[in-house]
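Analysis of the macromolecular model
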Amino acid sequence: MSKYQYVPEPALVKGDHDFASLTRLVTDINLRPTPKGWYLAMIGANALLFTMVVAIGYLIWEGTGIWGLNNPVGWGWAIINFVWWVGIGHAGTLISAILFLFRQDWRTAINRFAEAMTIFAVMCAGVFPAIHVGRIWAIYWVFPIPNQMAMWPNFNSPLLWDVFAVSTYFTVSFLFWYVGLVPDLATIRDRATDKVRKVAYGIFSLGWTGSNRHWWNYEKAYMILAGLATPLVLSVHTIVSFDFAVSMIPGWHTTIFPPYFVAGAIFSGFAMVLTLMIVARKIYGMKEIMTDDHMEKMNIVILVTGSMVGFAYMMEFFIAWYSGVEYEQAIFILRATGPYAWAYWAMMTCNVLSPQFFWSKKLRRSVGFTFFISIVVNIGMWFERFVITVTSLANDYLPSSWDYYSPTIWDVLTYVGTFGLFFTMFLLFLRFLPMVALAEVKAVIPQADPHNYDEETNEYHAPEIEVPEPQSKKV
Amino acid sequence: MSTNKQENLYGIVAEFKNPKELIDVAKTMSKSGFSKFDTFSPFPIHGMDKAMNLKKSKLGWIVFGHALIGFFGAIAMMYYMSVIDYPINISGKPFFNAPAWVPITFELTVLLSSFGAVFGMFFLNGLPKLNNPLFNVPRFKKVTDDAFFACIEADDNMFEADKVKKLFEEAGATHIEEVYE
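Residues numbered from 1 in each chain as written. Chains lettered and ligands numbered in written order. Predicted model: local features only at pLDDT ≥ 70, side-chain atom pairs only at ≥ 80, totals over all residues.

All right, on to the domain arrangement of chain B then. Domain boundaries assigned for chain B yield domain 1 (5-55 + 131-180) and domain 2 (59-124). For domain 1 of chain B and domain 2 of chain B, the distance between their C-alpha centroids amounts to 44 Å. (Domains from an automatic or database assignment.)

Put into structure tokens, the structure is as follows:
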């Protein structure tokens, strides 16, 4: 007996599934009549969406004075919510691109789902920069298109970099998502029996036949897109952090911001994917595809990125002290003990403490606990953006100009309303599009590998696991 | 379906049981010297490119071309706008402020490359395609579910209906059918 024991990777799809049963499991959702519960959820989401429309309508009518902004704090909930939503929107592309490059096949169960979440989160994020300018009819000035002043945008400004970063991110994520959807839309087209579905899915599946000559280019395109999206996803939150880091405000002007923002974005994005996945897989009976093993792997990512965020918090403190700059030191002490200490400690508890529970395998695999932590993490990440934005602005260089910032009801309604936008889009997605990347899941089950068929009889046999013999001595 | 069948023969399709058989028949087809053949499956099959003897995809070059357009296009745009057309002095920084232009240059390079990757892929695949004779075969609907098909087109120089059918039969096809345009 060797002291080593070989632990095989858990199967990616649980249960006794073949290609046809996977097809049915995923696409029946889109083909059967709309369930009543969906309508109820849609009414709720639409009510929130309506709230957002009213809040934005009043903002355009009345101006940004309806928000709680004051003299030192000229950037309030709008930027907080923007960064929060964009951060959440980082998980989808991370799962589809980076995990693809690392050959993490478990991503196939959740990538469609997470990419959809990304696109909708970026939509919600995009609302805030557009409306926070006050004169929304002049927002096209951020784009390099001719205007009546004959002036062009200032390409030296991080805020303009943001315009390019976020719009590129949205476009590329959307294309990536659509490319993945085409073969699955073709599956629904071929299974549909009614005229409307046949035509609609037929148009959007572009005449896909599953030709292997097509798959060949398709896989190449998918890999190139993954290669492009990987630096893109890292660049987007880097550039978002430049909105802060390039300025001269104490607590913002630090070089740790880009990696720290990216880690935080992945942290909150994975938490949001988990929140949605745990609910959706229960309602739609997807537990055999989105298994507890997936949840555990994602919890490990949350643990790692949460610890990175915690490290960044401490490093910020250290550098503030080490820099010897009075204002830097003051702002960090004020964050922990000043007027917004409640927000700071809420952030520390939610972001640094709560993910540490995932060192325990039992808790990582507990559905209820994961659901709870996934929500706590996103509350914490909202507070992180609040602490960064508000404390630095409210207490900057000149104490005589300090002021306390509080939001108004319109700040709250706009923020809550974006959930309406998010869930409306998400419900439409669940109803009309395949929520699991079907072709990709089929490709990772053992039946898809030609090597798992007998050379002579062509019959399927389950793959045998070869346990490597441990080497007796070092080579 | 046309009444004059012989004139409009598009090709012959055969259904196979599993990915292994599809790979085997792909090898047979390419070794027998056919060029206008194809295999169809619900997912990409590992090793099919070698079995079908497919050439390397040209997509990389398309993407590279787009990347160059994005990169130089971004710099040209910013140079024209900030240096030539309407220079604005911003805190005494140079008009051609190369470090500050890195993010936008990067983003536009990625954006154009992605357009190249997605639209280039659809272009190489001849999609969107409004009509495909294969859709005249009712069984072919299963190809996006759990079925594996091979097809040899009538346009192929070596195409002879009887020989093709025999090839598919020997490869173990469960169903063989002629496809008409």
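Back to the text.
Moving on to the sheet that holds strand E1 (residues 9-16) of chain B. Residues and elements named next belong to chain B. Within the open sheet, the 4 strands sit side by side as E2-E3-E1-E4. Their pairing is antiparallel. Looking at which strands have only one partner, the edges of the open sheet turn out to be strand E2 (37-40) and strand E4 (175-180). Taken pair by pair, the neighbouring strands of this sheet meet at an average axis angle of 20 degrees, ignoring direction. Here 4 bridges tie E2 to strand E3 (residues 148-153), and the two strands are oriented antiparallel to one another. When the bridges of E3 are listed, Phe-37 appears paired with Ile-152. Its contacts with the sheet put helix H5 (residues 161-170) on E1, E3 and E4, and the angle it makes with E1 is roughly 10 degrees. (Pairing = 2+ DSSP bridges. Helix = DSSP H or I, 4+ residues; strand = E, 2+ residues; numbered from the N terminus. Axes fitted to C-alpha atoms, helices over the stretch in contact; angles between N-to-C directions. Contact = placed C-beta atoms within 7 Å.)

What follows concerns the packing of helix H6 (residues 158-191) of chain A against helix H7 (residues 195-204) of chain A. Residues and elements named next belong to chain A. For the pair H6 and H7, the least separation of the axes is 8 Å and the interaxial angle reads 155 degrees. Our classification of the angle between H6 and H7 gives roughly antiparallel. Between H6 and H7 lies a crossing of left-handed hand. Every residue of H7 that contacts H6 at Leu-185, Ile-188 and Arg-189 is listed here: Arg-197, Lys-198, Tyr-201, Gly-202 and Phe-204. When grouped by side-chain class, the residues that make up the contact of H6 with H7 number 4 nonpolar, 1 polar and 3 charged. (Parallel < 35°, antiparallel > 145°, perpendicular 65-115°, else oblique. Left-handed = near helix turned anticlockwise from the far one by under 90°. Nonpolar A, V, L, I, M, F, W, Y, C, P; charged D, E, K, R; others polar.)

So, about the packing of helix H12 (residues 341-353) of chain A against helix H14 (residues 367-394) of chain A. When two helices pack together, their arrangement is given by the angle between the helix axes and by the axis-to-axis distance. Residues and elements named next belong to chain A. One way to put it is that H12 packs onto H14 with a least axis distance of 8 Å and a crossing angle of 140 degrees. Note on packing geometry: the crossing formed by H12 with H14 is left-handed. When H12 is examined against H14, the residues Ala-343, Tyr-344, Ala-346, Met-347, Cys-350 and Asn-351 are found in contact with a partner set consisting of Val-376, Val-377, Ile-379, Gly-380, Met-381, Phe-383, Glu-384, Phe-386 and Val-387. The residue makeup of the contact of H12 with H14, split by class, is 12 nonpolar, 2 polar and 1 charged.

For the peptide bond that leads from B:Leu127 to B:Pro128, omega is -5 degrees, which places it in the cis range. Summarising the element assignment, B:Pro128 is placed in the loop between helix H4 (98-124) and E3. Positive phi is not limited to glycine here, since A:Ala150 has a value of about 60 degrees. Looking at the element boundaries, A:Ala150 is found in the loop between helix H5 (111-131) and H6. Judged by local crowding, A:Ala150 falls into the exposed class, with 8 C-beta atoms found within 10 Å. (Buried ≥ 20, exposed ≤ 12 C-beta atoms within 10 Å, placed from the backbone.)

Residue and element names in this part refer to chain B. An ideal rise of 1.5 Å per residue puts 18 Å on 13 residues; helix H1 (residues 19-31) measures up with 18 Å between its terminal C-alpha atoms. Within the sequence span of H1, burial applies to Pro-19, Lys-20, Glu-21, Leu-22, Ile-23, Val-25, Ala-26 and Met-29. Buried residues along H1 sit against E1, E2, helix H2 (48-51) and E3. One or two steps after H1, the chain reaches Gly-33, where phi turns positive at roughly 100 degrees. (Expected span 1.5 Å × (residues − 1).)

All names here are of chain A. Spanning 27 residues, helix H2 (residues 36-62) covers 39 Å between terminal C-alpha atoms, matching the ideal 39 Å at 1.5 Å per step. Elements that come into contact with the buried residues of H2 comprise H5 and helix H15 (409-432). Just downstream of H2, Gly-63 is the residue with a positive phi angle, here 105 degrees.

A few words now on the environment of A:Ile300. The topology assignment puts A:Ile300 in helix H10 (residues 292-323). In this structure the C-alpha to C-alpha distance between A:Ile300 and A:Lys361, which are 61 residues apart in sequence, comes to 9.6 Å.

Let us now look at the environment of B:Val137. All names here are of chain B. For Val-137, the position within the fold is in the loop between H4 and E3. Exposure remark for Val-137: the 20 C-beta atoms within 10 Å place this residue in the buried category. Sequence separation between Val-137 and Val-179 is 42 residues, and the spatial gap between their C-alpha atoms is 6.8 Å. Not counting residues up to four positions away in its chain, the partners in contact with Val-137 are Val-13, Glu-177 and Val-179.

Attention now moves to the environment of A:Leu363. Residue and element names in this part refer to chain A. Of note, Leu-363 is situated in helix H13 (residues 361-364). Classification of Leu-363 by C-beta neighbours within 10 Å gives partly exposed; the count is 14. Residues Leu-363 and Asn-299, spaced 64 residues apart in sequence, show a C-alpha to C-alpha distance of 9.4 Å. In contact with Leu-363, other than residues within four places in its own chain, are Phe-357, Phe-358 and Phe-369.

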